Each structure stands twice: as structure tokens, then as C-alpha cells.
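# Tertiary structure, described
Here's the letter readout for the chains.
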Amino acid sequence: MNNKRQIKFLTEKEVRQIIDHIEDETLRGRRDKALLEILFSTGLRISEALALKRNDLLVGSPHETLELSIMGKGDRVRTVYVSPAAKKAFNRYSIARWPDDDSELAFTCGVRAVQLMVKRRAKVAGIEKFIS
């Protein structure tokens, strides 16, 4: 008897569908779009993405891929790549956010809030798969 759970990954089309359904005319929409772009382009865990500093993401041209060294589980360092689309989304978010906020963290929300946001955004986009 095989008790291993079957993992169903989102396709690239489904990921784009979720991100493209986010209206980014509000600060929350811009934040959600930037965070999802970063999560999906890098493969970071939510807690790792929430530990990013805004200055980590505002390096170089927004049209170039950004290489970051991340301290992950088990104190292992690994390299992740932030796509130009993720950098552009973060730049758009940062322009709206930082005139009034001097926090150095890129995102100031909790892991559970992000989990719920991802599920909600997927549902709105019509994605029926279990999202975690």
C-alpha cells in the first residue's frame, strides 16, 4: 500500500492565470502581485520571501535577472534567481509603498496571511487545484 501523497504542481499557465487576475491599482494588489511573482520565479518558501529586505530586490536594472544567495532550511545557502517580471512587479509595489513606510523588509505580512492570499487569488483566477 502506497501512502505517499500525490503532489500536483501548478502549470506555468495556471501560475500566469493567478498573477494576471490580480488588479494592481491598489497597494495590496501590487504587493500580492509582487510577492507571487517572487515566490513563483524563485521557488522560495514563504518565510524566506518574507525575510527579504527591500534593498535585496532593488539592485540592478529591472530588466535583468537578479541572483540572490538565500540562507534556507538547515542553514544551507542556495542561489535563487528573481525574474525580470518579478523585479518589475516589486519596483511598482515599492514606488507605491515606501514614500510613507521606512520598513526595511520587502513584505510586512505573516506566513499564514500569505497562504490565505495565495488560496484566495487562485480561487478568484478559477484554479480548482489544492494550493499550498
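Above: the structure in question.
Below or above, wherever it landed, is the structure these notes cover. All of these numbers come straight from a predicted model, not from anything done at the bench.

The subject of this paragraph is helix H2 (residues 27-42). Because each turn of an α-helix spans 3.6 residues, side chains separated by three or four positions in sequence point in the same direction. Given a rise of 1.5 Å per residue, 16 residues ought to cover 22 Å, and the 22 Å separating the end C-alpha atoms of H2 matches this to within 8%. For H2, the buried fraction is high: twelve of the 16 residues fall into the buried class. Listed in full, the buried residues belonging to H2 are Gly29, Arg30, Arg31, Asp32, Lys33, Ala34, Leu35, Leu36, Glu37, Ile38, Leu39 and Thr42. Next to the buried residues of H2 lie helix H1 (12-20), helix H3 (46-50), helix H4 (54-57), strand S2 (77-82), helix H5 (84-97) and helix H6 (111-124). Following H2 by one or two positions, Gly43 adopts a phi angle in the positive range, close to 80 degrees.

Even without being glycine, Asp75 reaches a positive phi, approximately 55 degrees. Here Asp75 shows up in the loop between strand S1 (66-71) and S2. Using a relative accessible area of 63% as the deciding quantity, one classes Asp75 as exposed.

Considering all chains together, one arrives at three aromatic pairs under this definition. Measuring from ring centre to ring centre gives 6.0 Å for Phe90 and Tyr93, while their planes differ by 70 degrees; the resulting arrangement is edge-to-face. Taken together, the residues Phe90 and Tyr93, both in helix H5 and three residues apart, mark about one turn of the helix. For the pair Phe90 and Tyr93, one class covers both residues: buried.

Rules of the game
Residues numbered from 1 in each chain as written. Predicted model: local features only at pLDDT ≥ 70, side-chain atom pairs only at ≥ 80, totals over all residues. Heavy atoms only, no water. Helix = DSSP H or I, 4+ residues; strand = E, 2+ residues; numbered from the N terminus. Expected span 1.5 Å × (residues − 1). Buried < 20%, exposed > 50% of the residue type's maximum accessible area, 1.4 Å probe, protein only. Contact = heavy atoms within 4.5 Å. Phe/Tyr/Trp six-rings, centres within 6.5 Å; stacked < 30°, edge-to-face > 60°.

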